[in-house]
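# Observations on the three-dimensional arrangement
Listed here are the chains, written in short residue letters.
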Amino acid sequence: VARLLAGTWAPPSLNNGDRDTAFVSFATELMGRTQVQGAMVVICMMFLDKLWQKSKGVKLGRGSEYRLFTTALMLANKVMDDHRFPNVCWADLAGVTLEELNVMERELLDSLDFNLHIPH
């Protein structure tokens, strides 16, 4: 799944054809440590796709895929699971401060117009 993510969802400005092995390792570890279900990964990718569709032409900096993946996976976990990890756990797993993660969450939600609806 992590290799699929690295190869398919990264925006063109970040994906130059090479698989980012560091990102694959990060995504694999994050998914393993949080034990997210496959459906959550699919929803995460749908959130990211919605973001890319809204943000065409936006150039993202190297390394932003880590933050975007973490935040989208966290939101998918919140949507799908009543027994979710608190933000402080996600921040620790992602290697960011709680304040940074909270800002990342608000920015992603704002970018998605707070619309987390996933069509059937």
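Residues numbered from 1 in each chain as written. Predicted model: local features only at pLDDT ≥ 70, side-chain atom pairs only at ≥ 80, totals over all residues. Heavy atoms only, no water.

## As for the nonpolar core
Using the following cut-off: Side-chain atoms within 4.5 Å are what join buried Ala, Val, Leu, Ile, Met, Phe, Trp, Tyr and Cys residues into a set we call a nonpolar core. The buried label applies to any residue whose accessible area, calculated with a 1.4 Å probe on protein chains only, is under 20% of its type's maximum; exposed applies above 50%, and partly exposed to all values in between. Labels follow the DSSP assignment, with helices taken as runs of H or I lasting at least four residues and strands as runs of E lasting at least two, numbered in each case from the N terminus.
By size, the foremost hydrophobic cluster in this structure holds 31 residues, and its most contacted members are Phe69 and Leu73. Elements with a contribution of two residues or more to this core: α2 (21–34), α3 (38–54), α4 (64–80), α5 (87–94) and α6 (98–111). Take this core: its biggest share by element is eight residues, from α3.

## Digging into the packing of aromatic side chains
For clarity, the threshold we go by: For Phe, Tyr and Trp, rings pair up if their centres lie within 6.5 Å, where Trp contributes its six-membered ring, and each pair is then called stacked (planes under 30 degrees apart), edge-to-face (over 60) or tilted (otherwise).
Going through the model one piece at a time under the given rule, you end up with four aromatic pairs. Look at Phe23 and Phe69: their rings are 5.8 Å apart centre to centre, the planes differ by 80°, and that puts the pair in the edge-to-face class. In this pair, Phe23 is assigned in helix α2 and Phe69 in helix α4, connecting sequence segments 46 residues apart. Phe23 gets classed as buried once you look at its relative accessible area, which sits at 2%. Ring centres of Phe85 and Trp90 lie 6.2 Å apart, and the angle between their planes is 90°; on these two criteria the pair is classed as edge-to-face. Members of the aromatic cluster, joined through ring pairs, are Phe23, Phe26, Tyr66 and Phe69.

## Some points on unusual backbone geometry
One non-glycine residue, Gln35, adopts positive backbone phi at about 55°. Even without being glycine, Asp113 reaches a positive phi, approximately 55°.

## Side note on α5
Side chains three or four residues apart in an α-helix point the same way, a direct result of the helix having 3.6 residues per turn. Condition: Comment: arc refers to directions from the helix axis out to C-beta atoms. By definition in these notes, contact holds between two residues if any of their heavy atoms fall within 4.5 Å.
Buried within α5 we find Asn87, Trp90, Ala91, Leu93 and Ala94. The buried residues of α5 occupy an angular sector of 165° when projected down its axis, which confines them to one face. Against the buried residues of α5 lie α2, α4 and α6. At the exit of α5 stands Gly95, carrying a positive phi of roughly 75°.

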